[in-house]
Amino acid sequence: MADGKIILKAEDLDGYLTAQDQDDLARLSKMYGEAMKNFSPLDKAATIAHFDKMGHAMQEILAAHPSIKVFSFETGEEGSHAEASRVISKLRNVETDTHEFIYYTQRAYEMLFRLAFTESHSKNKNYIVVPTPVTNPVQNFSVHKIPNIDAQIEDSVMCVMLRGALLPSIIMSKEIEEYSSHGYVTPFALFKINRDDTKGEVDMQYILDLKKSYFNLESLDGRDLIFADPMNATGGSLVTVVKYILDQGVRPRSIKFFNIISALKGSLRVSRALENCTCYTLWMDPALNSSAYIMPGLGDAGDRLNGMDKKENPRNIIRLIANYGSTINGLYKSQLSKIESMVLEGR
């Protein structure tokens, strides 16, 4: 550690992979290389055939990894797969603007929450009784059943790997609040971590800046830690944060990692490196390029959610929240209050 910074290197992550993992990754990388030959000019039929083969190959590989759960593989229903496909296609599209990107990000995390917490349809039910706007002849009420998942969600802490992970983490916290019988609002732990983008895939480094992070180690011990990052390319950011808090003596009850898109390599690294961690992803992509970006991917999710910072004047977390605007601030007011308390009142 130097200057309050923790550094993890790519070769450290690759050390967790088995020989079988390496073979599987090489096979998928080769398959994607073959698919790219049909991109310019686009041969639509051939591209579809290649992607279909890659999807089946990844599904076979992940059958041996119960801690990696892919929405489009787990649900097994044509309608659910179509729902995920539509959301992912909108997020990937270069023509999707910021407002649409936020909307589809919200939909993605609602689907991931459902996969992790409510798909099992617990036999125990909670009831929501709400007043409606109809008051004649008396005030009317409506009753709605939801799964009773209080025990799974009401000891959770949202762990935010800043920038692109901020809004997804707020969305997940809101889902927890909505499903909680007691309106539980998660506390937040904020970690400032970045990839060193001057490095390539083979020598990538992940840097955790403790001086710009906001968290209480005591509040993490024995709790269910939830990380929501739109992209999992390499797994490096999550492994760096979790290894750091484990080294400080923190013992989480569980760790859950939620991604819109994960690269196969990133999910395999996380599942091998971290015990008691489950990865939930809406969609699995097959490969990384030489800069460690997911292919086909969707670009920089943080910039597409938040807009790009000026290099000479980057926004801090409070300014970033302010830039979300009144709609987001009103919808997630309880979550934003927790975050502001953590940042402004101390670690």
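Here we summarise the structure given alongside this text. Please read all numbers here as calculations on a predicted model, not as lab measurements.

What counts and what doesn't
Residues numbered from 1 in each chain as written. Predicted model: local features only at pLDDT ≥ 70, side-chain atom pairs only at ≥ 80, totals over all residues. Heavy atoms only, no water. 1 Å grid on protein atoms, 1.4 Å probe; cavity = no way out; pocket = protein on both sides within 12 Å on 5 of 7 lines; lining within 4 Å. Points joined across faces, edges and corners; volume = space filled by probe spheres on them. Helix = DSSP H or I, 4+ residues; strand = E, 2+ residues; numbered from the N terminus. Nonpolar A, V, L, I, M, F, W, Y, C, P; charged D, E, K, R; others polar. Axes fitted to C-alpha atoms, helices over the stretch in contact; angles between N-to-C directions. Parallel < 35°, antiparallel > 145°, perpendicular 65-115°, else oblique. Left-handed = near helix turned anticlockwise from the far one by under 90°. Contact = heavy atoms within 4.5 Å. Phe/Tyr/Trp six-rings, centres within 6.5 Å; stacked < 30°, edge-to-face > 60°. Lys NZ or Arg CZ within 6 Å of the ring centre and 35° of its normal. Buried < 20%, exposed > 50% of the residue type's maximum accessible area, 1.4 Å probe, protein only. Polar contact = N/O pair within 3.5 Å; in protein donor to acceptor, adjacent residues only side chain to side chain. Salt bridge = Lys/Arg side-chain N within 4 Å of Asp/Glu carboxyl O.

### Observations concerning the layout of surface pockets
Taken as a whole, the largest pocket encloses approximately 1,400 Å³ of empty space. As for the largest pocket, its lining consists of 49 residues, and the residues nearest its centre are Leu162, Arg163, Ile193, Asn194 and Asp300. Broken down by secondary-structure element, the contributors of at least two residues to the lining of the largest pocket are strand 6 (188–195), strand 7 (205–214), strand 9 (231–232), helix 9 (236–247), strand 13 (294–295), helix 11 (301–306) and helix 12 (317–324). Looking at the lining of the largest pocket residue by residue, the class counts come to 24 nonpolar, 14 polar and eleven charged. Lining the second largest pocket are 19 residues, and of these Phe51, Asp52, Gly55, His81 and Trp283 lie nearest its centre. At the level of elements, helix 3 (44–62), helix 4 (71–74), helix 5 (78–92) and strand 11 (277–285) are the ones that each hand at least two residues to the lining of the second largest pocket. For the lining of the second largest pocket, the element with the highest residue contribution is helix 3, accounting for seven residues. Here the lining of the second largest pocket is built from residues that sort into nine nonpolar, seven polar and three charged.

### Some details on the packing of helix 12 against helix 14 (residues 333–345)
One way to put it is that helix 12 packs onto helix 14 with a least axis distance of 11 Å and a crossing angle of 160°. Here helix 12 is positioned roughly antiparallel relative to helix 14, judged by the angle of their axes. Once helix 12 is placed against helix 14, the crossing between them reads as left-handed. The residues of helix 14 that touch helix 12, namely those facing Ile317, Ile318 and Ile321, are Leu336, Ile339, Glu340 and Val343. Among the residues forming the contact of helix 12 with helix 14, the class breakdown is six nonpolar, no polar and one charged.

### What about the packing of aromatic side chains?
Evaluation of the coordinates by the stated rule reveals nine aromatic pairs. Ring-pair connections join several aromatic residues into one group, and the members of that group are Phe113, Phe117, Tyr179, Phe258 and Tyr280. It is Arg195 that lies over the ring of Tyr293; its NZ or CZ is 4.8 Å from the centre.

### Describing the environment of Lys145
Here Lys145 is to be found in strand 4 (residues 141–147). Considering only alpha carbons, one finds Lys145 and Asp14, 131 residues apart in sequence, at a separation of 46 Å.

### A word on the packing of helix 6 (residues 98–118) against helix 8 (residues 166–179)
Between helix 6 and helix 8, whose axes approach to 10 Å, the crossing angle comes to 50°. In terms of orientation, helix 6 lies oblique with respect to helix 8. Considering only the axes of helix 6 and helix 8, their crossing is right-handed. Contact with helix 6, carried on its side by Ile102, Thr105, Gln106, Tyr109, Glu110, Phe113 and Thr118, involves Leu167, Pro168, Ile171, Met172, Glu175, Ile176 and Tyr179 of helix 8 and no other residues of that element. Its residues assigned to classes, the contact of helix 6 with helix 8 shows nine nonpolar, three polar and two charged.

### Structural notes on unusual backbone geometry
The omega angle of the peptide bond from Ser40 to Pro41 is -5°, so this bond is cis rather than trans. Among the structural elements, Pro41 can be located in the loop between helix 2 (19–36) and helix 3. The amide bond that connects Met295 to the next residue, Pro296, takes the cis arrangement and shows omega of 0°. Note that Pro296 resides in the loop between strand 13 and helix 11. The backbone of Arg163 sits at a positive phi, close to 80°, despite the residue not being glycine. For Arg163, the location among the structural elements is in the loop between strand 5 (156–161) and helix 8. The backbone phi angle of Ala292 is positive, close to 70°, even though this residue is not glycine. On the secondary structure map, Ala292 appears in the loop between strand 12 (287–288) and strand 13. On the accessibility criterion, Ala292 (1% relative accessible area) is buried.

### Considering the side chain of Ser180
The residue Ser180 is located in the loop between helix 8 and strand 6 in this model. The exposure class of Ser180 is buried, given its relative accessible area of 9%. From its side chain, Ser180 meets the backbone nitrogen of Gly183 in a polar contact 3.2 Å long. Residue contacts for Ser180: discarding those within four places in its chain leaves Asp150, Ile153 and Glu154.

### Concerning the pattern of salt bridges
For the structure shown, the criterion picks out 14 salt bridges. In this structure, the salt-bridge partner of Asp21 is Arg272, at a minimum N-O distance of 2.7 Å. Of this pair, Asp21 sits in helix 2 while Arg272 sits in helix 10 (residues 264–273), placing them 251 residues apart in sequence. We note a salt bridge from Lys265 to Glu201, for which the minimum N-O separation is 2.8 Å. Of this pair, Lys265 sits in helix 10 while Glu201 sits in the loop between strand 6 and strand 7; the two residues are 64 residues apart in sequence, bridging distant segments of the chain. Given the relative accessible area of 15%, Lys265 is considered buried. A cluster of three or more residues bridged by salt bridges with shared partners is formed by Asp14, Glu201, Lys265 and Arg269.

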